[in-house]
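Letter by letter, the chains look like this.
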Amino acid sequence: MTVPAALARDLGPALHRAAADGAAHEPGVVPAPWREAVLAELEAERYVELPAVEGPHRVRQQGEHVVLHADDLATRPAMRALHRAVVDAVHRHPGIDGLARWHPDEVTIQRYAPGSAGISAHRDGRRHAYLVAILTLEGSARLRRCADREGTTVEAFDADAGSLVLLRGRGLGGIPDDRPLHAVDGPRDGRRTSFTLRATAP
Ligand SMILES: O=C(O)CCC(=O)C(=O)O
Ligand SMILES: [Fe+2]
């Protein structure tokens, strides 16, 4: 395919919601042919099982992942184009503090097999600055903002194919650190694959 240059949606409204509320969802961001091109590239990757229990809060995880550095995308054109398109779409909204400095260097692809329970309530790491951008390449699941570590739902997003979920990272909108607790449920039918961009540099 000819890899497109831009996402299908302006991210302004979702970025403002994420800055105000800590989380936001935008459907229909990545067109199907582009998702398929990325999924085809991913067939060459070697996935690693997530630890079933992680960290002091004992977050439960059922899935597998591949963690790439942005530099690794040089040999993965569809992924590189998607990364660039998300960064361009975010940088179009420099009025929200932090976004102009958001340079995601960490790309995580996560795969959940049918029957997986997903990932229980957690916060993403403090080392991730400004924004966490979670695209769904295939499948669907509820991604929930949680009130507590037991996983009480505050708001549920439909993380379905082509959609984007944005989570506040450290420093977004000038707020030093108010990362949302969230969980992702198991896939509804068939496998779900997500593609997440995070910035580890200040
Ligand atoms: O696969 C996803 O939807 C993202 C799950 C999540 O919250 C994470 O990996 O930190
Ligand atoms: Fe997370």
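Keep in mind that this is a model prediction, so the values were computed, not measured.

Caption draft 1: Seen up close, the sheet that holds strand β13 (residues 192-198). Taken together, the 7 strands give an open sheet; going across it, the order is β1-β11-β8-β13-β6-β5-β2, and neighbouring strands pair in antiparallel fashion. Only two strands of the sheet have a single partner each, and these edge strands are β1 (23-26) and β2 (48-49). Sitting on the sheet, helix α1 (residues 12-21) is in contact with β1, β8 (131-138) and β11 (164-168), with an inclination near 160 degrees to β1. Its contacts with the sheet place helix α3 (residues 77-91) against β5 (64-69), β6 (106-112), β8 and β13, and it is angled at close to 135 degrees to β8.

Caption draft 2: Broad picture of the layout of surface pockets. Space inside the largest pocket adds up to approximately 720 Å³. Class assignment for the residues of the lining of the largest pocket results in 10 nonpolar, 12 polar and 9 charged.

Caption draft 3: Molecular detail of the sheet that holds strand β9 (residues 140-146). Sheet architecture is open: 6 strands sit in the order β3-β4-β7-β12-β9-β10, paired in antiparallel fashion. Across the chains shown, the open sheet's two edge strands, defined by having one partner strand only, are β3 (53-54) and β10 (153-160). Relative to strand β12 (residues 182-184), β9 is paired through 3 bridges, and the arrangement is antiparallel. Opposite arginine 144, over in β12, you have alanine 183 as the bridge partner.

Caption draft 4: Structural context of the site of ligand 1. Gln110, Tyr112, Ile119, His122, Asp124, Ile134, Leu143, His182, Val184, Arg192, Ser194 and Arg198 make up every residue found near ligand 1. Take tyrosine 112: an N or O atom from its side chain is 2.5 Å from an oxygen atom of ligand 1. Within the contact set of ligand 1, an oxygen atom lies 2.8 Å away from a side-chain nitrogen or oxygen of arginine 192. Compared with its free state, where it exposes 290 Å², ligand 1 has 94% of that area covered by protein. Spatially, ligand 1 is embedded in the largest pocket. Broken down by secondary-structure element, the contributors of at least two residues to the shell around ligand 1 are β6, β7 (118-122), β12 and β13. Among the elements that take part in the shell around ligand 1, β13 stands out by supplying 3 residues, more than any other.

Caption draft 5: Local environment of the pattern of salt bridges. If you walk through the whole model with that rule in mind, you get 15 salt bridges. The residue arginine 101 makes a salt bridge to aspartate 97 at a minimum N-O spacing of 3.3 Å. The exposure class of aspartate 97 is partly exposed, given its relative accessible area of 37%. The partner of arginine 142 in a salt bridge is aspartate 185, with the nearest N and O atoms 3.0 Å apart. Residue arginine 142 is located in strand β9, and its partner aspartate 185 is located in the loop between β12 and β13; the two are separated by 43 residues in the primary sequence. A relative accessible area of 37% means that arginine 142 is categorised as partly exposed.

Caption draft 6: A look at the coordination of the iron ion (ligand 2). Every protein donor of the iron ion (ligand 2) is accounted for by His122 (NE2), Asp124 (OD) and His182 (NE2), and the metal-donor separations fall at 2.1 Å. Judged by relative accessible area, histidine 122 falls into the buried class, the value being 13%.

Caption draft 7: View of the pairing of β13. Most of β13 sits out of view: 7 of its 7 residues are buried. Residue alternation in β13 divides its side chains into two sets, Arg192, Ser194, Thr196 and Arg198 and Thr193, Phe195 and Leu197, and both sets are buried. Here β6 runs beside β13; their pairing, made up of 7 bridges, is antiparallel. Considered in β13, the bridge of glutamine 110 is made with serine 194. Of the pairings in the sheet, the one linking β8 to β13 comprises 6 bridges and is antiparallel in character. By the bridge assignment, isoleucine 134 is partnered in β13 with threonine 196.

Caption draft 8: Seen up close, the pairing of β6. Along β6, 7 of the 7 residues are buried, which leaves the element largely enclosed by surrounding structure. Here β6 shows two buried faces, one formed by Glu106, Thr108, Gln110 and Tyr112 and the other by Val107, Ile109 and Arg111. As judged from the 6 bridges shared by β5 and β6, these two strands associate in the antiparallel manner. Along β6, the bridge assignment pairs valine 67 with threonine 108.

Rules used in this analysis
Every chain is numbered on its own, with residues counted from 1 as its sequence reads. Ligands are numbered from 1 and chains lettered from A, in the order in which they are written. Reporting in this predicted model follows two pLDDT cut-offs: at least 70 for local features of residues, and 80 or more for side-chain atom pairs to be given and counted; totals over whole chains, interfaces and linings ignore these cut-offs and use all residues. The side-chain values count all of the structure's non-hydrogen atoms but skip hydrogen atoms and water molecules. Note: two strands are recorded as paired if DSSP finds a minimum of 2 bridges between them. A helix here means a DSSP run of H or I that spans at least four residues, while a strand means a run of E at least two residues long, and both kinds are numbered starting from the N terminus. Two residues qualify as a contact provided that any one of their heavy atoms is within 4.5 Å of a heavy atom in the partner residue. A fitted line through C-alpha atoms serves as each axis, taken over the contacting stretch for helices, and the angle formed by two N-to-C directions is quoted from 0 to 180°. Cavities and pockets are defined on a 1 Å grid built over the protein atoms alone: a cavity is a set of grid points where a 1.4 Å probe fits but cannot escape, while a pocket is an open set with protein on both sides within 12 Å along at least five of seven lines, and lining residues are those with an atom within 4 Å of any such point. Grid points are joined across faces, edges and corners, and a volume is the space filled by probe spheres set on the points. Three classes are used: nonpolar for Ala, Val, Leu, Ile, Met, Phe, Trp, Tyr, Cys and Pro, charged for Asp, Glu, Lys and Arg, and polar for all others, with Gly counted as polar. Throughout, the term near means that a residue has one or more heavy atoms lying within 4 Å of the molecule or strand in question. Any N or O atom pair separated by 3.5 Å or less is treated as a polar contact, with the protein-specific requirement of one donor-capable and one acceptor-capable atom, and with residues adjacent in sequence counted only for side-chain atom pairs. The protein chains shown are the only cover counted for residues, whose accessible areas, like all others here, come from Shrake-Rupley with a 1.4 Å probe. In this scheme, a molecule is assigned to a cavity or pocket if more than half of its atoms are within 2 Å of the grid points. Take a side-chain nitrogen of Lys or Arg and a carboxyl oxygen of Asp or Glu: if they are within 4 Å of each other, that pair is a salt bridge. Type-normalised accessible area, obtained with a 1.4 Å probe on protein chains alone, sets the label of each residue: buried when under 20%, exposed when over 50%, and partly exposed for intermediate values. The donor definition counts N, O and S atoms within 2.8 Å of each metal and applies 3.2 Å to Na, K and Ca; water is not among these atoms, so some sites may look incomplete.

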